[in-house]
Amino acid sequence: MKAFGVVAGSAVIPSFAGAKERMEKLELAANPLHKQLDKPVTVITIGAGARGNIYGDFAAEYPDKMDIIGVAEPIAIRNERYAKKHNIPENNRFKTWEDVFKQPKFADAVIISTPDNLHYAPCMAALKAGYDILLEKPISPSEKECRDILQLAKKTGRIVAVCHVLRYAPYFMRLRELMQSGAIGEVVSIQHFEPIQHAHMAHSYVRGNWHNSKESTPIILAKSCHDLDIIKWMLGKRAQKIQAFGNLKWFKKENAPSGSTERCTDGCAVEKNCPYSAIRIYFEERQRQYAFDLPDDKEKHGEAIMNYLRTGNYGRCVYKMDNDQCDHYVTNMLFEDGITASFSMEAFTPWGDRRTRVMGSMGYIEGDMEKYTIYDFRTKQSKTVDAKTVEVENYKNEGHGGGDWRLVDDWLQAVAQQNPALLTSTIDASIESHVMGFMAEKSRKNNSVQNIKL
Ligand SMILES: NC(=O)c1ccc[n+]([C@@H]2O[C@H](COP(=O)([O-])OP(=O)(O)OC[C@H]3O[C@@H](n4cnc5c(N)ncnc54)[C@H](O)[C@@H]3O)[C@@H](O)[C@H]2O)c1
């Protein structure tokens, strides 16, 4: 297991005495509810940024399943590129989401992939107009707005799929199956770990779109609603209580090294040795290029990136931002039947990809999204399963353990068949883990244990 001894507060896992190791490939049966579609589902994308493009690319790969016929996006170059990629007619291109709903309904469904604080209004408008919806998480930064969307979805009977993409990742689907089938006896507790990875943290939650929790969403929802959700979903139990600690420890002005400047491009004295150097991350290593609207001519990318670093947030010193997101966050949870779970979100790791350990009365599972090992206390047998290959074999996009495109596929089937049972993350199935996030934040701020009430 990749560096498995690092979960906060726990010891390195001892080897399983006498265990005989076998290695298998994860195989997933095709979903029997999927049907050949007579015609593709027609879709309007609202917000053609990073996520809008990931979901949109599914249509480019499977035009018989999804046809993107409209877009709303205020950034001209994104709007232009999206329209070109999907062959969207001029009269179906809009600057902002409001314009879409000024037209009579002209597609089966909408994808809402706007910034966090712009989910609620387009979602409510789409429900009123009769669209089915693929809604990015978080549902909304406000608990009341989440509940409003749920209510209106129930009233209108429309399908709202929340982008809890991990529920569609074969690895987590299998872990859930094992946990709920009694493969390790009764599940007693879970330890779940989300290593954000230090440069990813700096990108998204120090410099980037989610650096300010008040303008976007607190990190427990912005990043870790996936984790609270996957823990809850795998257990298949109601959450009863939650408690949290966390703070912003490192990315602060008082930790700025001497000689550091406002921007990495300002002649910073420590830039060459700084792990958060924007020049290293974006220019030299060309990481996270999706954050920039780069010219078609690749020769010009370097110059364009440097311009962004000289003028935009991605070039600013990580110690001198107006950021407030926690860079470490721990929560404890109590579920029905006395099951406990601990979750730790950490910025300061060399790698990403979630790690999970599940303790059962008759066995134990540990995994890192690439593979998992299941141990049986009764037989002293263990088996390691490679979960990586199944994503690649079935879909070309591996995002979120293969969950990104599997979600789109299931959502399209749900819309085409008008059957929400094809989805595991409908709004009513997703609301509880959002409430857990809101309550975790309340606990962290009030130093209290919070009850989870639906
Ligand atoms: N499911 C996941 O795992 C996952 C991962 C990353 C982000 N997200 C969520 O997806 C959403 C989008 O994130 P992103 O990374 O694609 O951000 P992004 O900034 O790349 O894309 C958002 C797009 O919305 C556009 N937009 C802004 N105002 C608009 C308006 N009035 N009408 C139409 N479009 C408008 C922006 O110009 C931008 O292009 C966020 O809520 C984010 O939290 C989810």
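Residues numbered from 1 in each chain as written. Predicted model: local features only at pLDDT ≥ 70, side-chain atom pairs only at ≥ 80, totals over all residues. Heavy atoms only, no water.

### Topic: helix H2 (residues 76-86)
The periodicity of an α-helix, 3.6 residues per turn, causes residues three or four positions apart to be oriented the same way.
Inference 1: Within the span of H2, buried status applies to Asn79, Tyr82, Ala83 and His86. Down the axis of H2, the buried set is contained in an arc of 100 degrees. They therefore lie on one face. More than 90 degrees from the buried face of H2, the exposed residues found are Ala76 and Lys84.
Inference 2: Along its buried surface, H2 packs onto strand E2 (41-46), helix H1 (50-61), strand E3 (66-72) and strand E4 (93-94).
Inference 3: Looking one or two residues past H2, Asn87 carries a phi angle of roughly 55 degrees, positive in sign. (Buried < 20%, exposed > 50% of the residue type's maximum accessible area, 1.4 Å probe, protein only. Helix = DSSP H or I, 4+ residues; strand = E, 2+ residues; numbered from the N terminus. Arc of directions from axis to C-beta. Contact = heavy atoms within 4.5 Å.)

### A closer look at the pattern of salt bridges
Inference 1: Overall, the coordinates contain 27 salt bridges when judged by the stated rule.
Inference 2: Residue Lys383 is joined to Glu24 by a salt bridge in which the shortest nitrogen-to-oxygen separation is 3.5 Å. With Lys383 in strand E15 (residues 381-386) and Glu24 in strand E1 (residues 20-25), the pair connects residues that are 359 residues apart, well separated along the chain.
Inference 3: Classification of Glu24 as partly exposed rests on a relative accessible area of 30%.
Inference 4: Here Glu194 makes a salt bridge to Lys223, at a shortest N to O gap of 3.2 Å. You can see Glu194 sitting in strand E8 (residues 187-195) and its partner Lys223 sitting in the loop between helix H8 (219-222) and helix H9 (225-235), a full 29 residues away along the chain. (Salt bridge = Lys/Arg side-chain N within 4 Å of Asp/Glu carboxyl O.)

### Describing the confidence of the model for the protein chain
Inference 1: With 94% of its residues at a pLDDT of 70 or more, the protein chain shows a mean pLDDT of 93.
Inference 2: Note that pLDDT drops below 50 for residues 1-15; the model gives that stretch 35 contacts with residues more than four away or on any other chain. (pLDDT = per-residue confidence, 0-100.)

### A look at the nonpolar core
Inference 1: Among the nonpolar cores identified, the biggest contains 90 residues, and Ile133, Phe172, Met333, Phe335 and Ile365 are the most heavily contacted of them.
Inference 2: If we ignore the near neighbours within four places in the chain, the residues touching Phe172 are Leu166, His192, Ile230, Trp233, Met234, Arg354, Thr356 and Met369. (Core = buried A, V, L, I, M, F, W, Y, C linked by side-chain atoms within 4.5 Å.)

### Things to note about the site of the ligand
Inference 1: By nearness alone, 28 residues border the ligand, and Arg51, Glu73, Arg78, Asp116 and His119 come closest of all.
Inference 2: Contacts to the ligand include Thr96, whose side-chain N or O atom sits 3.0 Å from a nitrogen atom.
Inference 3: Side-chain polar atom of His119 to an oxygen atom of the ligand: 2.8 Å apart, as the coordinates give it.
Inference 4: When the ligand is considered free in solution it has 840 Å² of accessible area, and contact with the protein chains removes 87% of it.
Inference 5: With three residues, the top contributor of residues to the shell around the ligand is H1.
Inference 6: Counted by class, the shell around the ligand contains 13 nonpolar, nine polar and six charged residues. (Near = heavy atom within 4 Å. Polar contact = N/O pair within 3.5 Å; in protein donor to acceptor, adjacent residues only side chain to side chain. Areas by Shrake-Rupley, 256 points an atom, 1.4 Å probe, with all protein chains shown as cover. Nonpolar A, V, L, I, M, F, W, Y, C, P; charged D, E, K, R; others polar.)

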